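Letter by letter, the chains look like this.
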Amino acid sequence: MPSKVVAVIGASSNRTKFAKRAVRAFTRQGYTVVPINPHERHVEGLKAYRSVLDVPGPIDMASFYVPPAIGEQVIEEVARKRIPEVWLNPGAESDALVALARALSIEPIVACSIVAIGQDPYDL
């Protein structure tokens with residue numbers, strides 16, 4: 001059975017960023033990780049994409065690690081890609097973003113996706 005495909009929105013090669021820790025956490029747990037960042041070519045040795053719309057094939061989950069203003073720009077692409085599971089991690093959420101997601105028929109999970117998969121974000 002193929003592993004779940006996770007798009008890490010805002011994935012970064014900066015080791016101090018939680019998005020980089022998320023890439024490592026999901027990879028350790030056996031997920032297929034797709035870094036999304038228009039300013040990165042590779043993250044943790046994985047090809048990075050400018051947008052979820054550039055990723056071939058389906059994506060099962062999107063985990064947001066960008067400021068809400070950026071998330072508001074990206075959420076429409078997530079809806080167009082029909083990504084069924086969306087996580088807004090601490091610092092990525094806002095009332096406006098949640099409302100926009102819901103208007104696009106997305107029910108976001110507002111919580112830390114790293115903790116949800118059983119990893120300690122401070123130990124990555």
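**Some thoughts on the pairing of strand S6 (residues 85–88)**
As judged from the four bridges shared by strand S5 (residues 61–64) and S6, these two strands associate in the parallel manner. Residue pairing for S6: Phe-64 is matched across the bridge by Leu-88. Handedness of the S5-helix H2 (residues 68–81)-S6 crossover: right-handed. Across two bridges, S6 lies against strand S7 (residues 109–110) in parallel orientation. Along S7, the bridge assignment pairs Leu-88 with Val-110. Chirality of the crossover, the property in question, places the unit of S6, helix H3 (residues 95–103) and S7 among those that are right-handed.

**Some words on the side chain of Arg-24**
Its location among the elements puts Arg-24 in helix H1 (residues 18–28). For Arg-24, a relative accessible area of 9% puts it in the buried group. Ignoring anything within four residues of it in the chain, the contact list for Arg-24 reads Arg-15, Glu-44 and Leu-124.

**Structural notes on the sheet that holds S6**
The strand order S2-S1-S5-S6-S7 describes an open sheet built from five strands, whose pairing is parallel. The strands lining the two open edges of the sheet, one partner per strand, are strand S2 (32–36) and S7. Each of strand S1 (5–9), S5 and S6 touches H2; the most contacted strand, S5, lies at about 180° to it.

**Some thoughts on the pattern of salt bridges**
Applying the stated rule across the entire model yields four salt bridges. The salt bridge involving Glu-85 is made with Lys-4; its shortest N-O contact spans 2.8 Å. Placement of Glu-85 in strand S6 and of Lys-4 in the segment before S1 is noted, with a sequence separation of 81 residues between them. What makes Glu-85 partly exposed here is its relative accessible area of 22%. Arg-24 is paired through a salt bridge with Glu-44; the nearest N and O atoms lie 3.6 Å apart.

**Comments concerning the packing of H2 against H3**
Packing of H2 against H3 leaves a shortest axis separation of 9 Å and a crossing angle of 10°. Comparing the axis directions of H2 and H3 gives the class roughly parallel. Here Pro-68, Gly-71, Glu-72 and Ile-75 of H2 come into contact with H3, specifically with Ala-96, Leu-97, Leu-100 and Ala-101. Counted by class, the contact of H2 with H3 contains six nonpolar, one polar and one charged residues.

**Focus: the packing of aromatic side chains**
This model, assessed by the stated rule, comprises two aromatic pairs. Ring plane angle 90° and centroid distance 5.6 Å describe the contact between Phe-18 and Tyr-122, whose orientation is recorded as edge-to-face. You can see Phe-18 sitting in helix H1 and its partner Tyr-122 sitting in the segment after helix H4 (113–116), a full 104 residues away along the chain. Among the residues examined, Phe-18 registers a relative accessible area of 34% and is labelled partly exposed. Since its relative accessible area comes to 64%, Tyr-122 is described here as exposed. Arranged with centres 5.1 Å apart and planes meeting at 85°, the rings of Phe-26 and Tyr-31 form a pair that is edge-to-face. A residue is classified by how much of its surface remains accessible, and Phe-26, at 0% relative accessible area, is buried. Over the aromatic face of Tyr-49 sits the side chain of Lys-47, whose NZ or CZ is 4.9 Å from the ring centroid.

Criteria and cut-off values
- Residues numbered from 1 in each chain as written.
- Predicted model: local features only at pLDDT ≥ 70, side-chain atom pairs only at ≥ 80, totals over all residues.
- Heavy atoms only, no water.
- Pairing = 2+ DSSP bridges.
- Helix = DSSP H or I, 4+ residues; strand = E, 2+ residues; numbered from the N terminus.
- Right-handed = clockwise from strand over helix to strand, strands pointing away.
- Buried < 20%, exposed > 50% of the residue type's maximum accessible area, 1.4 Å probe, protein only.
- Contact = heavy atoms within 4.5 Å.
- Axes fitted to C-alpha atoms, helices over the stretch in contact; angles between N-to-C directions.
- Salt bridge = Lys/Arg side-chain N within 4 Å of Asp/Glu carboxyl O.
- Parallel < 35°, antiparallel > 145°, perpendicular 65-115°, else oblique.
- Nonpolar A, V, L, I, M, F, W, Y, C, P; charged D, E, K, R; others polar.
- Phe/Tyr/Trp six-rings, centres within 6.5 Å; stacked < 30°, edge-to-face > 60°.
- Lys NZ or Arg CZ within 6 Å of the ring centre and 35° of its normal.

Honestly, that's just the spatial picture; any functional story needs more than this.
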